[in-house]
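Notes for the structure review
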Amino acid sequence: MSETTTVDFWFDPICPFAWATSRWILEVEKVRPVQVQWNVMSLSVLNEGRDLPEDYRKSMDAGWGPVRVIVAAAQQHGSDVVADLYTAMGELFHYEKVADRPEVIRRALETVGLPAELAAAADSDEFDEALRASHAAGIEQVGQDVGTPILSLNGTAFFGPVITRVPSGEEAGKLFDAAVTLAGFPYFFEIKRSRTESPTFDV
């Protein structure tokens, strides 16, 4: 594929499925001409008002912090910081398995070289309007019956792809080519099968 593909990617940093797909997109950048825009969405927003198991509800209540901090960082330091801050948080969540979200935020800000004061955004609703707007921009393209990630390819958006391993090299490119091909058919909506494994990451 020689033409540049515009990719809009919506993620919540706490989601392992979004993390797997995002690392695939980084591999795609090495082998295909793509222009990627990183956007936040929120599982906490998505699950507002839903009847959830207690443990998952607690996770959703705590899920506001990381995305709020990313939105605050983007507003105060520019959208270019989003990808790096997401990577820093994701490595702590999904590689190092750090469960303490304030610790993840603190360490991620330090890794990226952003002011520690941004961590205060985690407990503030100051940036929620912008967070909800970013979330809505993704959801409006795919509907409410989805999760994270959302991927838009040249303006056609899907939930997913949901992958459990991160392909690299030409394998990553071929998977991307297939996704772009499917996105080119306006009457194509979904392919699905039951998932039999969870995401696995090789550091």
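Above this text sits the structure in question.
In this text, all values refer to a predicted model and were calculated from it rather than measured experimentally.

Next up on the list: the environment of D177. Within the secondary structure, D177 sits in helix 8 (residues 169–183). Relative accessible area serves as the criterion here: at 18%, D177 is assigned to the buried category. Separated by 145 residues in sequence, D177 and R32 have C-alpha atoms that sit 8.9 Å apart.

Topologically, N39 is positioned in strand 2 (residues 34–40). Residue classification places N39 among the buried positions, given a relative accessible area of 15%.

Counting 64 residues, the largest nonpolar core has F11, I25, L85, M89 and F176 as the members making the most contacts within it. The element that contributes the greatest number of residues to this core is helix 5 (residues 81–95), accounting for eight residues. With residues up to four places along the chain from it excluded, the contact list for I25 reads V7, F9, V36, W38, L151 and F176.

Time to look at the sheet that holds strand 1 (residues 5–11). Pairing between sheet strands relies on hydrogen bonds along the backbone, with the strands arranged either parallel or antiparallel. Read from one edge to the other, the open sheet built from four strands follows the order 2-1-3-4, with strand pairing classed as mixed. Each end of this open sheet is capped by a strand with a single partner; those strands are strand 2 and strand 4 (156–159). For this sheet, the mean angle separating the axes of adjacent strands, direction not counted, is 20°. Seen against the sheet, helix 1 (residues 16–31) touches strand 1, strand 2 and strand 3 (150–153) and runs at an angle of roughly 155° to strand 2.

Take the packing of aromatic side chains next. Throughout the structure, instances matching the rule amount to 10 aromatic pairs. Taking 6.4 Å as the distance between ring centres and 70° as the angle between the ring planes, the aromatic pair formed by F11 and W38 counts as edge-to-face. Here F11 is found in strand 1, whereas its partner W38 is found in strand 2, with 27 residues between them in sequence. What makes F11 buried here is its relative accessible area of 0%. Accessibility expressed as a relative area gives 11% for W38, which makes it buried. Across from the ring centre of W19, 3.8 Å away, lies the NZ or CZ of R23, which sits over that ring. Its guanidinium or amino end placed over the ring of Y86, R23 lies 5.4 Å from that ring's centre, counting from NZ or CZ.

Basis of the calculations
- Residues numbered from 1 in each chain as written.
- Predicted model: local features only at pLDDT ≥ 70, side-chain atom pairs only at ≥ 80, totals over all residues.
- Heavy atoms only, no water.
- Helix = DSSP H or I, 4+ residues; strand = E, 2+ residues; numbered from the N terminus.
- Buried < 20%, exposed > 50% of the residue type's maximum accessible area, 1.4 Å probe, protein only.
- Core = buried A, V, L, I, M, F, W, Y, C linked by side-chain atoms within 4.5 Å.
- Contact = heavy atoms within 4.5 Å.
- Pairing = 2+ DSSP bridges.
- Axes fitted to C-alpha atoms, helices over the stretch in contact; angles between N-to-C directions.
- Phe/Tyr/Trp six-rings, centres within 6.5 Å; stacked < 30°, edge-to-face > 60°.
- Lys NZ or Arg CZ within 6 Å of the ring centre and 35° of its normal.

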